[in-house]
Amino acid sequence: MASTHVTKRAKYKTTIKDPGTPGTLRMTFEKILFVPHNPKSAGKLDVEFRYIKGKKHTKEGSNKPPWLNLTNNQNGSFIFEFENYSDLQECRDFVGKVLAKGGEVSEKPTVAYPDEQLSAAEMELRIKLLQEDSELQKLHKQFVLSGVLTETEFWATRKKLLDREASKKTKQRLGFKSAMISDIKPSTDGRTNKVTFNLTPEVILQIFAEKPAVHRAFLSYVPNKMSERTFWTKYFRAEYLHSTKNSIAAAAEAAEDEELAVFLKQDDILASEARKKIRRVDPTLDMEADEGDDYTHLPDHGILREGSKEMTESQNELYKRSLSQDINRHAAVVLEGRAVDVELEDTKAVAEALAQSKQKSSNKGESDGDTSRERLDRLSRMTEIEDLQGPNTLPLAPLCIKDPRDYFDSQQANALRSSGDALGEIEQIKCGLSTQEVYGSLRESISSIKAMGLKEPIVKPEVAHQVFDALTNSISNTKYHIGKNPQESVLDRLPRKTKEELLHHWTSILELLKHFWASYPITTTYLYVKVNRLKDAMSNIYPQLEEIKGSVPSELRHQVSLLVRPMHQALDAAIQHYEASMQKRSAQSGERPNGYV
Amino acid sequence: MKFQIEDVTVYFPYDHIYPEQYSYMIELKGTLDAKGHCLLEMPTGTGKTIALLSLITSYSLSKPQSPMKLIYCTRTVHEMEKTLAELKILHNYQIKHLGPQARILAIGLSSRKNLCVNPTVVAAENRDSVDAGCRKLTASWVRALAEENTDVTTCEFFESYEKAASAAVLPPGVYTLQELRAFGKEKGWCPYFLARHMVQFANVVVYSYQYLLDPKVAGIISKEMQKESVVVFDEAHNIDNVCIEALSVSVRRQTLEGATRNLSRISQEIDRYVFFYSRGLYRCQFLNWIMVGRFKATDTSILRAEYNRLVEGLVLGGNLPITDNWLSNPALPDDILKEAVPGNIRRAEHFLHVLRRLVQYLSGRLDTENVEKESPVGFVASICSHAGIDQKTLKFCYDRLHSLMLTLEITDTDEFLHIQTICDFATLVGTYGRGFSTIIEPFDERMPHIPDPVLQLSCHDASLAIKPVFDRFQSVVITSGTLSPIDLYPRLLNFHPVVSRSFTMSLTRDCICPMVLTRGSDQLPVSTKFDMRSDPGVVRNYGKLLLEMVSVVPDGIVCFFVSYSYMDGIINTWNDSGILKEIMQHKLVFIETQDVVETTLALDNYRRACDCGRGAVFFSVARGKVAEGIDFDRHYGRLVIMIGVPFQYTLSKILLARLEYLRDTFQIKEGDFLTFDALRQAAQCVGRVIRSKADYGMMIFADKRYSRHDKRSKLPSWILSHLQDANLNLSTDMALHIAREFLKKMAQPYDKTGSSDKKTLLSQEEMEKLGDGSMHEMSY
C-alpha cells in the first residue's frame, strides 16, 4: 500500500471501436474518476470500486495498444487506453490491490486484527486463485465482503493453497531446446560470400554445456587474448571444417592456428568426464566391463567384425568427430537439464555461472558415496519379475486432491464393492483390542523407535492404506447411501438451481464451522467478536435452508430434508456449544465483579 | 513358493509361477537325472534364468550326498550381474525356508580389469595393461625381489591375501562383482585372486562363455572343475559363433611389425643375461630395469635350467604360482602334444630364429595381389618348404614362447601381444588340419583402393571348441529364447541331447505385437537389399516410419540397423533432410557407437530419459554389442523397429569358406544357413522388449523380404504365433493405426492370472493340485 491513489493520462473508450476521449484517470481506494481534458466532452466518469468486478488488459509485446478493461457488475465495461505499458502496469496493479482488498477497505472492521502487509505478488496470487475457482470466489464474496470473516482469516485456512501455488511457480525451469546446435544455420546477405550467425545467450549456453572445451577456451581467451567476436568466428570456422568431414584439411588448419585447434580437437574434458561417469553406470548395462572380460577378441584374435577395421586406421583421428557423438552428447545435455538459472544477457556471465554450477555438481558428485548402494537396490528391484511377485509396495507419491468431491465420487465404485468386508474389518479391529494391549503395542513401538530411530515411512503403507480406505469408505457412504444408486446420486435428481444452492450452503456452512471451531477456546476479545459474528452468520442460514426446502417439488422434499438434516445438526451443535460457553462465561464474569469482556 | 517335482522340492522365490516355467523345470530335471545334455528353447520374458537357477540349486540341495556344482555361462558381464542378482533373491528365499543348510557360495568371475581394487593398477586404460600392471606387482620373481629390496613395490592387497593364506576364504553367500570388490577392499585382500581361489569351492560359478570355451582362458581357470558339474549356456543362440571365434586368429601388417619389435626386445633380454654372465656385474641398461631397480643374482644359468627342463618335456616347469599364469595354449587340451619340445627350439636363440623366419615368411605372404585360400595342411607344407619350419615345431610355438617369457621374467605382457598372436597362429595352424582354412585378403572388398592385407586362420567347425565341454561335464544345458530351428544346433555343435524342446508362451493377453512392414507411407516397397538400400526414397520412408512412431509410442523405442556403416549413412541423411530434428522434438536420440564407453553412457542416459518420462530413441546395430545382451524391457522399450534383414556380409571370404564347410560336412544349404543366421539375429533384437507377461511391446520388421514365407518361417514360434496374417504386409499408415490400437488396449487393466480355462499364472495351491494330478497319472 505504497500509495493511496494513482493518476495517469489515458483515453476513455466506451467500446473497443471507440477512438476514445483523452483525459486524466485518477484512481483511489474508493473510486475511479475520469476527467476528460476537454471539459465539454461527455466522457466524464465516476465509478465506485465496489461495482467493479474484474479487469482485463492487453499484454505487452502483443501489437495491441496498452488497454485496461474494467468490467462492472452489470456487465458493462470501461476501457482505458494508456500512453505506455508502464502506466498500464501501475494502474493494473492498483486495481488488483483494490479489488482484492475490496470489502475490508470499504468497511473497516471495528476490531483491530493483526495487520499484514501484503506484497503485490501475494495479492496477485490470491486474485488468481479466486479467479480460477468460482466456488472460492463465491465464498470470498459472501463472507469477506459481508464482513463475517476478514481477509486474513479467510486466507489463513488456505495457506497451503497459497504455498503450493507459490512453489509451483519457482519450481518449473526451462530446459534446453531439443534442436541440436549444429542446426544453427547462418544467414547470407545474398550478394557476397559472407555468412552471419545469430547467437543468442540461450544458444551460447547450450554450446558451453555441450562442449566443455569451448567453454574453457572462452573463459581463458576472452577478452584477454581475443575479442568475443573473433572467438565465435573461430568457433564457426572450426564447425565448418567439421561439417566438410575433411579431417585432413582440419588437421592442416589446426596445425597453423593453435586456438582453432582447440575447437577441432576431441574434447578432452568430455573424455575424462566419461571415464568418471562410467564408474557409476548401472552394472547391468556396463559394456565396458564386458570388453575387459573378453579374451577372445584380443587384438587380432577371433573373426574380424564388421567395422572393427575403421577403428584402427586414420591417423587424423584426433580431428575426427562423428555425428553420432554429437547427437549423444546433445541428448545427454538436454537430459541433464539446465543447471544455470541466471538472466541470460551477457555471455561472460553465462560462462562464469556455468563454471560455478559445474564446480558445485562435481563437489556433490564426489561427496555422495551412497550411489553404489542405490544402484544395488535398483538392480535387485529390476531383477524381480513383477507379475510373479505379489503386489509390491512401491514408494507412493503423496496424493494431491484439489477438489475432494471429485475424489470421493470416483472412489464410490470401489467403496461400494468392498464396503461390506471393510466395515466388518473395522469392527474386528475395534473390538479386538483391550486397553492393555494398546498400551503394550504403544510401548513396543516407542521402544523400537528408540532403538532404531524413525523408519521411513513411519506408518506402514498397508496400515495407512487400510485406515485411509476405511475413512473414505464411511465418508463417501454417508453421502451416497442417501441415493442408493451410485451412478445417480440424489443430488442429480434435484433441480439444478436447488442442487447448486444446497452445495453452496454446504460449503459455506463448512467454511463457517471451520472458523467457528477454530476460534475455541476464546482467549482474546478478538476471537470473542469473531465468534459472535460467525454465530450471527450461521443463524442466518437456518431460514435460507427452510426456504430451499419449501421451494422444491413435494416429491423431492423428503430427500432434501434428508440432505439438509446433517447441516442442521452441524449448525445446531455449534450454536449449542456457543450458548453453553456463553453461559459459562457469563457465570464466570458474574463471579468477577470487575467484569471482563 | 515351494513345490514338488517328483523327488525334488523346488524352492521358487515368487508367489506365482508361469506354467511354462514349471514344464521347463520338469524337462531340466529329466536331463539332470539322465546325466545328459539338453537343448531348451523358451521365449524371452518367461523367466528362464530364475527357473534354471531354482531347479538346479534345489536339485543339489535335495541330494546333499552328491553335491553338484553349477557353472553358469553368460555372454556378457552385465548379464552375469543380472544372473547373480536373481540368484541372490533365490538364495535369500531358500535360506528363509531352509535355514543355514541352504547356504551356498556363488561368485561371479571376471578379469582383473573388473575385479582389481588396487587403484594404481586399475587406472590403466585397457584390460591388457591391467593384467600386465598386476603381473608387475605380483609375479613370483617380483615378490621374491621385494623381499630383498624394499624399493620394489608390490600389491598390498595381494600380499595380505597371501599372508592370510588358507584363512582367506569367502563366507557363503552370493557375490556380484561389485560385492566381491567391496569385500576385497574391506578385508584388504585381492578380490581377483580370492575369486580365482574360491572357484574350486563355490557351489555356483557365473562367468563368461570364454572361460569355458576359449582354450586360452579355460586352460587357466576351468582346468579343475569337477565332472559332476552342470554347465549352463544361457542366451546360447550364438554359441556356434563364440566357438569358432575362440579358435580363429588373424594376422595383419601391424601385427607382424609389432612381432618384429617384440623379437628384438626378447633378443636384447637374452643378450643382457649373457652379457651379465660374462661381466659379472650389473649395468642399468634398460629403462624398465632402472625403474624397477632390481638387482639380480641370476645369469645364463636360468636359460640353461630352462633348456634342461625342456629336454625333460616339462614345458611349463610344473606348478606355476597363480600370479605367473599367462593366457594358456590356444589349442584344445586334448590336441596338445604331451611330449618334449623339439630339439631345434629348445635353445632360446634358436627359437628366436625360428620365429624370425616365420614372421618373415608371413609378411612375404601378405604381399600378395589376389585373395588366396588354403587349407592349413597346405599352408604348413608351404611354410615347411619356404621357411624350413616343420609342423611339430609350429605346434610348440606357443608353449615355447610362454616358457621363454617366464624365464626372462617379463612382466609387461601387454607389450608382447603381437608375438603372442603369431605364436597362437602357428600353434593352431600346426595342430588342426580339418575344419579350418587360411585366407589372405589383400584389401577390404568394400574399399579396394586401400591396401590392407590380412591373413586369417578361421575355424569353421563350432563343434571343435565345445567338444571338451560336452565330454568333460555331466550335464550341459544350452538354452535361449531363439534356438529355432532347434534341430540345427545339435548338428552344428555335434552332440546328442537327451532332451530337446521348444516351449511356447502362454499369454494372458496379446502383449506382443509383431508386424511386418513392407511399404512406406508412399506405398513404395522398403528394403535394405543391396540395390535398394541407398535409394533416397527408401531412406526417407524409414525416417517417416520412425517419425510417425515416435509421436505415438510412449517412453522408449529401439531401432536396429543392419550395420554400423548403414546406420551412419542413414542418420546423416536424416540429419540433412531434417527428419532427425523432427524426431528430436518428440524424443531424445541416443546412438550406439563403436566406442564402448560412449555407448554405455548413451545407454545409461537412455534409461534415465525413459525413467523420467522424457522418452528416447536408441539407434543400434543388429550384430553389435547392444543387441547381444542389453534388455529393453518394460518402458525401456515399447517398440523395436528392425530396419532391414541383418544378413552377414555375404561376400566375406571367411563366411564363404564356412558355408562351404557346412555344406560339405553337415549338408546345410548356404541359403538356409544365411537366412537362419539373419533371422536369429533379428529375433534376438526384437525379443529384447519383453521380460514378463505383464510387460508389453511391439516389434516392427521393416523390410519387404520379411513377408516372404521362407524368411518369416525361420522366426521363433512364439513370435510367429502372434504374427497375424493381417499384419504381414503393412504400410506405414496402417502400422501406425495398429500401434495406436495396440497401445490403447495394453493400457487397460487386466486379470493377471488369465481366464479360467487357460491359466497363465499358477499359485501355490494350483501347483499342488497340478502335482497331485501328475502323481496320480504316474501311478497308473
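Since the model is a prediction, treat every value here as computed from it, not as a measurement. (Residues numbered from 1 in each chain as written. Chains lettered and ligands numbered in written order. Predicted model: local features only at pLDDT ≥ 70, side-chain atom pairs only at ≥ 80, totals over all residues. Heavy atoms only, no water.)

### Thoughts on the overall build of chain B
Argument step 1. Across its full length, chain B carries 33 helices and 21 strands.
Argument step 2. Over its C-alpha atoms chain B spans a radius of gyration of 28 Å, differing by no more than 12% from the 28 Å that the globule rule assigns to 780 residues.
Argument step 3. Along the first, second and third principal axes, the C-alpha set of chain B runs to 90 × 70 × 50 Å.
Argument step 4. When burial is assessed residue by residue, chain B has 62% of its 780 residues classed as buried.
Argument step 5. Considering only intrachain contacts with a sequence separation of at least 6, the fraction spanning at least 24 residues in chain B is 79%.
Argument step 6. Roughly 29000 Å² of accessible area belongs to chain B as shown, and the carbon and sulfur atoms make up 52% of that amount.
Argument step 7. Charge centroids of chain B, computed over 88 positive and 92 negative side chains, lie 1 Å from each other. (Helix = DSSP H or I, 4+ residues; strand = E, 2+ residues; numbered from the N terminus. Rg over C-alpha atoms; globule rule 2.2 N^0.38 Å. Buried < 20%, exposed > 50% of the residue type's maximum accessible area, 1.4 Å probe, protein only. Contact = heavy atoms within 4.5 Å. Areas by Shrake-Rupley, 256 points an atom, 1.4 Å probe, with all protein chains shown as cover. Lys, Arg positive; Asp, Glu negative; His and termini not counted. Charge placed at Lys NZ, Arg CZ, Asp CG, Glu CD.)

### What about the interface of chain B and chain A?
Argument step 1. Each partner contributes residues to the interface: chain B has 102 residues there, and chain A has 65 residues.
Argument step 2. Across the chain B/chain A interface, buried area totals approximately 7600 Å², and carbon plus sulfur atoms make up 56% of it.
Argument step 3. Interface area lost by chain B to chain A is led by Arg127(B), Gln178(B) and Glu245(B), which between them contribute 8%.
Argument step 4. Remark: the boundary between chain B and chain A carries 2 residue pairs in polar contact (both at pLDDT 80 or more).
Argument step 5. Counting residues per element, the side of chain B that touches chain A draws most heavily on helix α26 (residues 596-611) of chain B, which supplies 14 residues.
Argument step 6. Of the residues in the side of chain B that touches chain A, the class split is 40 nonpolar, 27 polar and 35 charged. (Buried area = accessible area lost by both parts, 1.4 Å probe. Polar contact = N/O pair within 3.5 Å; in protein donor to acceptor, adjacent residues only side chain to side chain. Nonpolar A, V, L, I, M, F, W, Y, C, P; charged D, E, K, R; others polar.)

### So, the packing of aromatic side chains
Argument step 1. Tallied over the full model, the rule gives 34 aromatic pairs over all chains.
Argument step 2. Here Trp232(A) and Tyr235(A) contribute two aromatic rings whose centre-to-centre distance is 5.6 Å and whose plane-to-plane angle is 85°, an arrangement assigned as edge-to-face. Placement of both Trp232(A) and Tyr235(A) in helix α8 (residues 228-243) is noted, with a separation of 3 residues, approximately one turn of the helix.
Argument step 3. Residue Tyr235(A) is classed as buried on the basis of its relative accessible area of 3%.
Argument step 4. Aromatic side chains Phe158(B) and Phe193(B) sit 5.0 Å apart centroid to centroid with 65° between the ring planes, which places their arrangement in the edge-to-face category. Of this pair, Phe158(B) sits in helix α8 (residues 156-164) while Phe193(B) is found in helix α10 (residues 191-198), placing the two residues 35 residues apart along the sequence.
Argument step 5. Counting every residue linked through ring pairs, the aromatic cluster contains Phe208(A), Phe218(A), Phe231(A), Trp232(A), Tyr235(A) and Phe236(A).
Argument step 6. The ring of Tyr59(B) carries the charged tip of Lys63(B) above its face, separated from the ring centre by 4.2 Å. (Phe/Tyr/Trp six-rings, centres within 6.5 Å; stacked < 30°, edge-to-face > 60°. Lys NZ or Arg CZ within 6 Å of the ring centre and 35° of its normal.)

### A look at the pairing of strand β9 (residues 249-252) of chain B
All names here are of chain B.
Argument step 1. Both faces of β9 are covered, namely the face carrying Val-249 and Val-251 and the face carrying Ser-250 and Arg-252.
Argument step 2. Looking at chain direction, β9 and strand β12 (residues 451-459) are connected through 4 bridges and run antiparallel. Following the sheet pairing, Val-251 is matched in β12 by Leu-455. (Pairing = 2+ DSSP bridges.)

### A look at the domain arrangement of chain B
Residues and elements named next belong to chain B.
Argument step 1. Here chain B is partitioned into domain 1 (2-245 + 464-502), domain 2 (247-280 + 292-319 + 326-460) and domain 3 (512-747).
Argument step 2. When each unit is reduced to the centre of its C-alpha atoms, the spacing between domain 1 and domain 2 is 32 Å.
Argument step 3. When the two sides are added together, the surface that domain 1 and domain 2 hide from each other amounts to roughly 2100 Å², 65% of it contributed by carbon and sulfur.
Argument step 4. Applying the counting rule to domain 1 against domain 2 returns 0 salt bridges.
Argument step 5. Taken together, the links from domain 1 to domain 2 amount to 5 residue pairs in polar contact (both at pLDDT 80 or more).
Argument step 6. Contributions of two or more residues to the side of domain 1 that touches domain 2 are made by α6 (127-138), α7 (140-148), α12 (215-221), α13 (239-246) and α21 (462-472).
Argument step 7. Split by residue class, the side of domain 1 that touches domain 2 holds 13 nonpolar, 3 polar and 5 charged. (Domains from an automatic or database assignment. Salt bridge = Lys/Arg side-chain N within 4 Å of Asp/Glu carboxyl O.)

### Observations concerning the sheet that holds strand β15 (residues 512-519) of chain B
Residues and elements named next belong to chain B.
Argument step 1. Spatially, 7 strands are ordered β17-β18-β16-β19-β20-β15-β21 in an open sheet, and the strand pairing comes out parallel. A strand with exactly one partner marks an edge of an open sheet, and here the two such strands are β17 (588-591) and β21 (730-731).
Argument step 2. For strand β19 (residues 639-643) and strand β20 (residues 697-702), the ladder comprises 5 bridges, and the chain directions are parallel. Bridge pairing in β20 links Met-642 to Phe-701.

### Re the sheet that holds strand β11 (residues 436-443) of chain B
All names here are of chain B.
Argument step 1. Sheet architecture is open: 4 strands sit in the order β9-β12-β11-β10, paired in antiparallel fashion. If you trace the sheet from one side to the other, it starts and ends with β9 and β10 (372-374), each paired once. On average, each strand axis in the sheet is tilted by 15° relative to the strand beside it, whichever way the strands run.
Argument step 2. Here helix α17 (residues 348-366) sits on the sheet and contacts β9, β10, β11 and β12; the angle it forms with β12, its principal contact strand, is near 115°.
Argument step 3. Taken strand by strand, helix α18 (residues 376-387) contacts β10, β11 and β12, and its axis lies near 100° from that of β10. (Axes fitted to C-alpha atoms, helices over the stretch in contact; angles between N-to-C directions.)

### Quick notes on a nonpolar patch on the surface
Argument step 1. A cluster of nonpolar residues, Val463(A), Val467(A) and Leu471(A), forms a patch on the protein surface that exposes about 240 Å² of accessible area.
Argument step 2. Counting through the fold element by element, Leu471(A) comes out in helix α19 (residues 461-480). (Patch = residues over 30% accessible without salt bridge, like charges linked within 9 Å, V, L, I, M, F, W, Y side chains within 5 Å.)

### Things to note about the pattern of salt bridges
All names here are of chain B.
Argument step 1. Applying the stated criterion across every chain, the model contains 39 salt bridges over all chains.
Argument step 2. Between Asp-214 and Lys-216 there is a salt bridge, and its shortest N-O distance comes to 3.5 Å. Across the pair, Lys-216 and Asp-214 agree in class, each one buried.
Argument step 3. Between Arg-638 and Asp-695 there is a salt bridge; the shortest N-O distance is 3.0 Å. Of this pair, Arg-638 sits in the loop between α27 (625-629) and β19 while Asp-695 sits in the loop between α29 (670-686) and β20, placing them 57 residues apart in sequence. Neither Arg-638 nor Asp-695 differs from the other in exposure class; each is buried.
Argument step 4. Each of Glu-6, Asp-7, Lys-29, Asp-33 and Lys-63 takes part in salt bridges that share partners, so that together they form one network.

### Digging into the pairing of strand β7 (residues 77-82) of chain A
Residues and elements named next belong to chain A.
Argument step 1. With 5 of 6 residues buried, β7 is to be regarded as a mostly interior element.
Argument step 2. In the sheet, strand β1 (residues 5-13) pairs with β7 via 4 bridges, with the strands oriented antiparallel. By the bridge assignment, Ala-10 is partnered in β7 with Phe-82.
Argument step 3. Judged from the 5 bridges that link them, strand β6 (residues 67-72) and β7 form a sheet pairing that is antiparallel. Note that in β7 the partner of Leu-70 across the bridge is Phe-78.

### Looking at the state of the cysteines
Note: disulfide means a covalent bond formed between the sulfur atoms of two cysteine side chains.
Residues and elements named next belong to chain B.
Argument step 1. A full pass over the atoms with the stated rule returns 0 disulfides over all chains.
Argument step 2. The structure places no disulfide on Cys-397, whose sulfur is separated from the nearest cysteine sulfur, that of Cys-423, by 4.9 Å.
Argument step 3. You can see Cys-685 has no disulfide; the closest cysteine sulfur is in Cys-559, sitting 11 Å from it. (Disulfide = S-S within 2.5 Å.)

### Here's the deal with the side chain of Ser437(B)
Residue and element names in this part refer to chain B.
Argument step 1. Structurally, Ser-437 is set in strand β11.
Argument step 2. In this structure the side chain of Ser-437 is engaged in a polar contact, spanning 2.6 Å, whose partner is the side chain of His-460.
Argument step 3. Setting aside its immediate chain neighbours within four residues, Ser-437 contacts Lys-373, Glu-374, Pro-376, Gln-456, Leu-457, Ser-458, His-460 and Ala-657.

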